[in-house]
Structures are given as C-alpha cells and as structure tokens.
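Next come the chains, spelled out residue by residue.
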Amino acid sequence: MISSMDSPPSPILSVEHVGVRFGGLVAIADLHFDVQPGEIVSLIGPNGAGKTTAFNVMTGFLRPSQGVVRFRGTALAGLQPHEIVRLGLSRTFQRTSVFPDDSVLDNVLIGLHRRTPARLLDTLLGRDRASERRLRAEARDLLDRVGLTARADEKAGALAYGEQRLVGVALALATEPAMLLLDEPVSGMNASETRVFVGLIRAIRERGVTILLVEHDMPMVMAVSDRIAVLNYGRLIAQGPPEAIRSDPAVIEAYLGQGSAAREAAMRAAQASPAQTSPAPVSAALEASHA
Amino acid sequence: MTRLLSPALLPPALLPLALLAGLALLPLGLAANPYLLNALITTGILTIGAMSLNLLLGFTGQLSLGHIAFFGIGAYVSALTSLGFDVEIGFGVRVVHEPWPAAFGFLLGVAAAGLCGWLIGRLSFRVRGAYFVIVTISFAEVVRLVALNWVELTQGPLALTGIPALGLGLPGLGSWTLRTKVQNYYLVLAVGTLCYLLIARLVGSRFGRAMRGLKENESLALSVGINATRTLTVAAVISAAMAGAAGSLYAHYLRIIDPDVFLFATTVTMVIMVVGGGKGTLMGPVVGGLVFGLLPVALRPVMAPEAQWIVYGLVLIAILFVMPRGLVPGLAGLIRPRRAAGAPPRPAGDHAGAHAGAHAGAHAGAHPGAHAGARPVEVRS
C-alpha cells in the first residue's frame with residue numbers, strides 16, 4: 001500500500017468514511033480520501049468497484065448509508081443535486097451526457113441556467129433580451145473551448161458518442177464549477193480524440209478547476225493524473241502517483257486476479273527484464289484488461 | 001439545414017399570424033349564423049384549456065388528467081364572485097359576499113386556479129410521473145363532489161344561473177358589457193392570443209429551457225443546477241391559471257354552470273386536442289383544438305350523434321397512425337423535405353448517415369472495453 005502524498009491542510013473535497021449499501025449489497029464499504037485544490041485525481045477500479053456510486057454520492061443523487069462528503073468544508077449531506085452544483089461541484093454522466101432533442105447550442109444554454117438572475121416577470125415582459133444575448137455569446141465561447149463550434153446547430157442526440165461527451169463537459173463547465181467530476185469522459189472516443197481531450201482537461205485545470213476522473217482508458221489516466229485512487233469491492237486499495245500505482249501489487253491483483261495466467265505472464269515478463277526500471281509489463285497488463 | 005433540426009419544430013411565425021387574421025375576419029361572414037359562432041366560441045375556450053394543458057404535458061412531460069378541475073374552479077370562483085353568496089361555514093360563522101363586477105370574478109378565478117395549481121404541484125412534483133397523474137385525477141373528482149354537494153354555495157345540480165356577462169371598462173372611455181356572441185367571440189380570441197404569446201415567450205426563455213431540460217434528461221438538468229420541483233410547480237401554476245381563465249370565460253359566456261363542468265370527458269377532449277395537434281409545439285393545441293372542436297359541428301348535418309363519436313375516434317386514430325407526433329409536426333415534416341428538394345444538395349442527409357454510423361461504431365467499440373475489465377479471463381485467450 002502506498003501512503004498518500006503529503007496533504008496541505010484544506011482539501012477541496014473530502015470523502016470521509018462513506019459507505020453505500022443497497023439492501024444487503026455493499027456498493028461502497030468504506031471510502032475515505034481527499035482531493036486537493038488544483039489536482040487532477042483519477043478514481044479507477046474494475047467494473048462494479050463502486051466508482052459511479054461514489055460520484056452519485058458526491059453529487060447528491062444518492063444518500064450514503066454512512067459517512068459524509070465535504071466540499072470546500074461544507075457537508076453535502078441532505079443537499080439536493082441542484083444545490084450541490086450551486087456550491088461549485090459539477091459532474092458529467094457516463095451514458096447520457098446531453099439533452100438529445102435540443103441543438104448543441106441550446107444544450108449549453110440550458111447548462112447556463114444558473115448564470116442569469118432572469119426573473120419570470122422579466123421574461124413575460126420581454127425584458128430578458130440583453131441577458132439572452134449575453135448567454136448566447138457565452139454559450140458560443142464554451143463550445144469553442146470544447147471544440148464543438150462547428151456542431152452548434154446540430155441536434156445533440158445525433159452527434160457521435162465522443163462528441164456527446166464533449167457536450168457533457170461544456171454543460172458542466174457552464175455551471176462555472178470549482179471542481180469537476182468526469183465519469184468516463186473518453187469512452188467512445190478514438191485515440192486522437194482522446195489526445196485532444198487530455199489537452200482539454202489540462203486547459204480546464206489551468207483555469208483553476210480541480211478534476212476528479214473515473215476512467216477505464218489506462219494510458220489516458222496515467223498521462224493526465226497527478227494522483228490515482230484505486231477502488232475494488234467498494235474499498236480503496238491504493239492511492240498515489242501514477243508511477244507508484246503501475247507497480248502496486250494490490251492493484252494488479254484487483255485487475256487480474258490472483259493466479260490468473262495473465263498475471264503470471266506479467267510477473268514472468270517483469271522478472272525477465274530486471275533492468276527495466278519502469279514496470280511496463282504491469283501497465284501493459286492493466287491496459288490489456290481494458291482493451 | 002440548421003432550421004430543419006430546430007428542436008421544437010416551431011412553424012414560421014407566418015402561420016399563426018395568418019390563422020389569427022383568418023379567425024379575426026371570420027365573424028364578418030358568420031354574424032348571421034349563431035350556431036356556428038357558438039361552436040367557435042366554445043371551441044376557442046376549450047382550445048385555451050388545451051394550450052394550458054400543453055404547457056405541462058408537451059413542455060414538461062407531466063400529464064395532468066384532472067386539468068378540468070382548474071377550468072371548473074376558474075368558472076365557479078368567477079361566477080360566485082360576480083353573483084355574490086351567503087353561506088354558513090360552520091361554528092355559526094356566515095360568509096356574505098356582495099356581487100362584484102364580472103371582471104374581478106375573472107381575475108379571482110384565474111388566481112384561484114393558479115393557487116390550486118401551486119398546491120397540486122407542491123404535493124406531487126417531488127415524486128412526479130404516475131403520481132402526478134393520480135393526484136390530478138383525484139383532485140378533479142374531489143372538487144366536482146364539493147361543487148355537487150355544497151348546495152348552499154354552488155346550488156349543486158340545480159346549477160348557478162344568471163351569471164352576469166363580462167364587462168370591459170376603460171377609465172375615461174366608459175365600459176361595455178359583452179353580451180352578443182360576436183363580442184364574446186373576440187374576447188375569447190383575445191384571451192387565446194394572449195395565452196399563446198405568453199406560452200411562446202415562456203418556452204423560448206430560460207424558464208422554457210429548464211422545462212425542456214427536465215423533460216429530456218432529468219438527471220442532467222439537476223446537475224446543471226435546475227431546481228426540478230420549483231420549475232415544474234411554476235409551470236403548473238401558469239398552466240392552471242390559464243385553464244382557470246378559460247373556465248371563467250366559459251361561465252360568463254354560457255351564464256349558467258353546474259358540476260358537469262368538472263366532467264372527466266372534457267379533460268380527455270383537451271388531451272386529444274393536444275396529442276392530435278402535436279404536443280410540445282406552440283401551434284399543436286391550437287390546430288388540434290380547432291379540428292377536434294369543430295369536427296362534431298361538421299359531422300352533425302350528416303350523421304347521428306352516436307356515429308359522430310365513432311368518427312371522432314376514427315379521425316384521432318387516423319391522425320396518430322399517419323402522424324404519430326400530431327398534426328403540426330407531421331405537416332411540418334411533409335412541407336420541409338419538399339422545400340429542401342428544390343435547394344442545392346444538402347449535406348444533412350449524409351451527415352445523419354455518417355453520425356448514425358459513428359454512433360453505432362462508438363457503441364460497438366465501447367462495449368467490449370466496458371466489459372473486458374470484468375472478464376480478465378479473456379486476456380488469456
């Protein structure tokens with residue numbers, strides 16, 4: 001087990017001994033970790049490890065059976081999803097990341113909901129023209145940031161899967177988050193799209209947004225993360241910088257299972273090349289399990 | 001190409017304006033035909049009800065099967081305000097109300113219906129869906145039973161009679177009481193136009209986007225900070241208030257109302273108007289309202305009443321069979337490809353194909369990746 005990095009005193013997000021049980025099923029046993037401001041942290045683990053459940057707890061879609069999540073010091077217990085967004089914690093979704101029947105531009109306009117104080121009365125009296133114009137300009141800026149300007153007028157539901165992910169990111173950014181939770185953002189993207197997306201994540205971080213990522217694309221996770229937390233059977237089994245995670249025996253075990261042929265092959269390969277400092281076979285195995 | 005994909009399939013502004021002009025000129029040719037004028041007025045009133053129902057059903061996806069309750073509350077509150085009443089409400093307390101001008105009745109009817117919309121919304125929108133449907137049905141039934149049994153206030157089945165006609169007063173210009181059919185026709189047309197403009201403005205605004213977002217993808221809407229309960233409740237209030245306005249017009253036009261204004265069948269008629277015309281479009285309930293409101297009138301000379309209802313049903317089935325999304329989106333779909341055929345070749349079709357392909361490809365590509373983690377055995381093979 002790798003001990004976590006030296007932590008500055010005030011994390012932006014802290015997950016404190018959170019557990020989630022559905023009847024007798026334990027989705028999350030006891031999850032405990034912090035994210036520091038400005039970090040890019042990845043949450044990885046085999047399917048069913050509880051990653052999306054953890055996201056749902058952090059964003060108010062699920063009530064934890066135990067423990068508490070704090071965002072910038074505020075306990076999120078009992079807050080509705082739309083109230084949590086207003087605190088500056090925003091998320092994207094794994095499967096349905098768009099409003100399918102609206103144009104891409106209208107999607108972002110819906111996402112900008114919290115940005116204007118427009119009152120209903122102003123709307124009815126037609127006094128919201130100026131703020132509507134400002135919103136449109138802002139929506140186009142956001143589309144430009146995620147590289148979807150050319151798609152602005154197309155129906156979001158008709159976009160390719162990878163582009164729908166980008167719409168989801170634009171929607172999340174529209175809420176001006178201090179921290180962004182991305183749920184498998186590059187699934188359905190090809191290698192070059194993924195490369196562009198990594199650039200986008202870094203650009204978002206440059207603007208001071210903290211990022212927590214759930215992702216199966218290991219090369220992407222290794223490339224972009226400052227720190228990785230590994231979840232298995234609802235427990236954190238390791239956390240640390242990518243290099244440490246690559247060679248962590250508990251992680252390899254979680255992904256490949258003890259005694260599996262693949263694991264033995266990985267170990268043999270590692271022994272066969274002792275001179276190699278980076279444990280490439282392990283990361284190869286990690287990647288293979290998700291290919 | 002961009003217009004083709006516009007989400008709400010709003011017809012060009014020309015169509016509503018042409019329809020409005022046509023409706024405004026209609027009485028010139030019909031002044032001598034009170035039967036037809038009467039049919040147009042009641043159709044217009046029901047159409048306003050259908051527009052209000054569409055705000056909920058079409059734009060938020062919530063089905064109010066007790067919508068007639070708001071209509072009836074508007075009718076009764078408006079009638080009682082202008083008739084006055086003297087009732088004992090228990091413990092020896094008497095409430096006496098002197099008659100007020102009918103215009104106040106209209107405003108109070110709208111407010112009372114809106115208030116009921118708020119209550120129903122607060123009660124049921126935390127759960128939504130089927131729950132809302134059931135709450136609205138029950139509410140309509142409760143209100144109908146109150147109207148039927150609180151005889152001292154409502155006269156029960158004996159009906160409230162002698163309801164005064166609505167009057168329009170402009171300070172310094174005198175006032176008119178709207179007694180003739182033509183006057184009532186224009187009043188209904190004016191209120192209907194106002195409701196249409198209100199809905200159009202709402203739907204095109206930030207508030208309308210919040211409603212659409214909730215309908216299309218509720219989780220995502222919540223995650224961009226949209227307050228679902230508040231948005232749906234506001235929509236219910238506006239919708240109920242409009243239905244109340246229609247009810248008030250109804251009471252002051254017919255000058256007599258009984259608990260039958262709460263009949264479930266009238267809600268069904270409004271739902272048919274919305275669904276047949278095209279829910280979620282601005283013009284849908286207007287077109288649907290005119291078609292299904294005037295269909296019995298057109299059929300009356302040629303067949304018996306029982307047969308009329310059969311044809312009514314057949315027409316609805318035929319429309320939904322040919323145009324599952326309703327008349328307005330269906331007709332718009334027919335007109336647009338023809339228009340586009342004259343234009344230079346558009347890439348939209350190719351795009352759609354390419355997207356579908358990419359979409360399928362993405363799906364196929366995503367799935368093995370997503371499952372492989374759970375089946376490390378495959379790494380061996």
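Remember, it's a predicted structure, so these values are computed and weren't measured experimentally.

Points about the overall build of chain A
The helix and strand inventory of chain A stands at 12 helices and 10 strands. Each of the 291 residues in chain A was classed as buried or not, and the buried ones make up 49%. Across chain A, contacts joining residues at least 24 apart in sequence account for 67% of those joining residues at least 6 apart.

A word on the overall build of chain B
When helices and strands are tallied, chain B shows 16 helices and four strands. Taking all 381 residues of chain B together, 42% fall into the buried category. Contacts in chain B between residues at least 24 apart in sequence constitute 76% of all its contacts with a sequence separation of at least 6.

Describing the packing of helix α2 (residues 34-57) of chain B against helix α12 (residues 284-299) of chain B
Helix packing geometry: the angle between the two helix axes and the distance between the axes. Residues and elements named next belong to chain B. α12 packs onto α2 with a crossing angle of 145° between their chain directions and a minimal axis gap of 8 Å. In terms of crossing hand, the pair formed by α2 and α12 is right-handed. Together, Leu36, Ala39, Thr43, Leu46, Thr47, Ala50, Met51 and Asn54 of α2 and Gly284, Pro285, Val286, Gly288, Gly289, Leu290, Gly293, Leu294 and Val297 of α12 make up the contact between the two elements. Among the residues making up the contact of α2 with α12, the classes are represented as 10 nonpolar, seven polar and no charged.

Let's talk about the packing of helix α4 (residues 102-124) of chain B against helix α5 (residues 130-149) of chain B
All names here are of chain B. Two numbers describe how α4 lies on α5: the axes approach to 10 Å, and their chain directions differ by 140°. One element, α4, and the other, α5, form an angle in the oblique class. With respect to the hand of their crossing, α4 and α5 are arranged in right-handed fashion. Residue-level contacts link Ile120, Leu123 and Ser124 of α4 to Tyr131, Phe132, Val135, Thr136 and Phe139 of α5. When its residues are assigned to classes, the contact of α4 with α5 shows six nonpolar, two polar and no charged.

Thoughts on unusual backbone geometry
Even without glycine at this site, A:Tyr233 takes up a positive phi of about 45°. One can find A:Tyr233 in the loop between β9 (227-232) and β10 (235-240). The backbone phi angle of B:Gln155 is positive, close to 65°, even though this residue is not glycine. Note that B:Gln155 resides in the loop between α6 (151-154) and β3 (167-170). By the C-beta count within 10 Å, which is 17 here, B:Gln155 ends up partly exposed.

Regarding the environment of A:Asn232
Residues and elements named next belong to chain A. Within the secondary structure, asparagine 232 is located in strand β9. Considering only alpha carbons, one finds asparagine 232 and lysine 51, 181 residues apart in sequence, at a separation of 9.0 Å. Among all residues touching asparagine 232, those that are not within four sequence positions of it are Gly45, Pro46, Ala49, Ile237 and Ala254.

Let's talk about the confidence of the model for chain B
Residues and elements named next belong to chain B. Scored by pLDDT, chain B comes out at a mean of 81, with 83% of its residues at no less than 70. No element of chain B has a lower mean pLDDT than helix α16 (residues 377-380), which averages 34, and none a higher one than helix α10 (residues 228-254), which averages 94. Long-range and interchain partners of residues 342-381, a stretch whose pLDDT sits below 50, account for 49 contacts in this model, where long-range means more than four residues apart. Scored as a complex, the prediction yields pTM 0.79 and ipTM 0.81.

What about α5(B)?
Residues and elements named next belong to chain B. For α5, which comprises 20 residues, the first-to-last C-alpha distance of 29 Å matches the rise-based estimate of 28 Å (1.5 Å per residue) to within 8%. Listed in full, the buried residues belonging to α5 are Phe132, Val135, Thr136, Phe139, Ala140, Val143, Arg144 and Ala147. Taken down its axis, α5 places every buried residue within 170° of arc, on the same side. Across α5 from its buried face, at more than 90 degrees, point the exposed residues Ala130 and Leu145.

Some points on the pairing of strand β4 (residues 66-71) of chain A
Residue and element names in this part refer to chain A. In the sheet, strand β1 (residues 13-22) pairs with β4 via five bridges, with the strands oriented antiparallel. Within the sheet, the bridge partner assigned to valine 15 lies in β4 and is valine 69. In terms of strand pairing, β4 meets strand β5 (residues 74-75) through two bridges, oriented antiparallel. Following the sheet pairing, arginine 70 is matched in β5 by alanine 75. Counting the residues in the hairpin turn of β4 and β5 gives two residues, including arginine 72, whose phi is positive at 50°.

Focus: the nonpolar core
Among the nonpolar cores identified, the biggest contains 172 residues, and A:Val108, A:Ala170 and A:Val230 are the most heavily contacted of them. The biggest single contributor to this core is α10(B), with 17 residues. Two domains each provide a minimum of three residues to this core, namely domain 1 (13-246) and domain 2 (247-291) of chain A. Setting aside residues up to four positions removed in sequence, A:Val108 forms contacts with A:Ala139, A:Leu142, A:Leu143, A:Ala170, A:Leu171 and A:Ala174.

Let's talk about the confidence of the model for chain A
Averaged over chain A, the pLDDT score is 83; the fraction of residues at 70 or greater is 84%. Counting interchain partners and residues more than four positions distant, the pLDDT-below-50 stretch residues 275-282 of chain A has 11 contacts.

Some points on the environment of A:Ala152
Residue and element names in this part refer to chain A. The topology assignment puts alanine 152 in the loop between α5 (129-146) and α6 (161-174). In this structure, the C-alpha to C-alpha distance between alanine 152 and arginine 140, residues 12 residues apart in sequence, is 7.9 Å. What alanine 152 contacts, discounting residues up to four positions off in sequence, is Ser103, Val104, Leu105, Arg140 and Leu143.

As for the environment of A:Leu180
Residues and elements named next belong to chain A. Tracing the backbone through its elements, the reader meets leucine 180 in strand β7 (residues 179-183). When the C-alpha positions of leucine 180 and leucine 212 are compared, they lie 6.3 Å apart, and in sequence the two are 32 residues distant. Residues contacting leucine 180, with those up to four places away along its chain left out, are Ser90, Ala172, Ile204, Val209 and Ile211.

What counts and what doesn't
Residues numbered from 1 in each chain as written. Chains lettered and ligands numbered in written order. Predicted model: local features only at pLDDT ≥ 70, side-chain atom pairs only at ≥ 80, totals over all residues. Helix = DSSP H or I, 4+ residues; strand = E, 2+ residues; numbered from the N terminus. Buried ≥ 20, exposed ≤ 12 C-beta atoms within 10 Å, placed from the backbone. Contact = placed C-beta atoms within 7 Å. Axes fitted to C-alpha atoms, helices over the stretch in contact; angles between N-to-C directions. Left-handed = near helix turned anticlockwise from the far one by under 90°. Nonpolar A, V, L, I, M, F, W, Y, C, P; charged D, E, K, R; others polar. Parallel < 35°, antiparallel > 145°, perpendicular 65-115°, else oblique. pLDDT = per-residue confidence, 0-100. Expected span 1.5 Å × (residues − 1). Arc of directions from axis to C-beta. Pairing = 2+ DSSP bridges. Core = buried A, V, L, I, M, F, W, Y, C linked by C-beta atoms within 7 Å. Domains from an automatic or database assignment.

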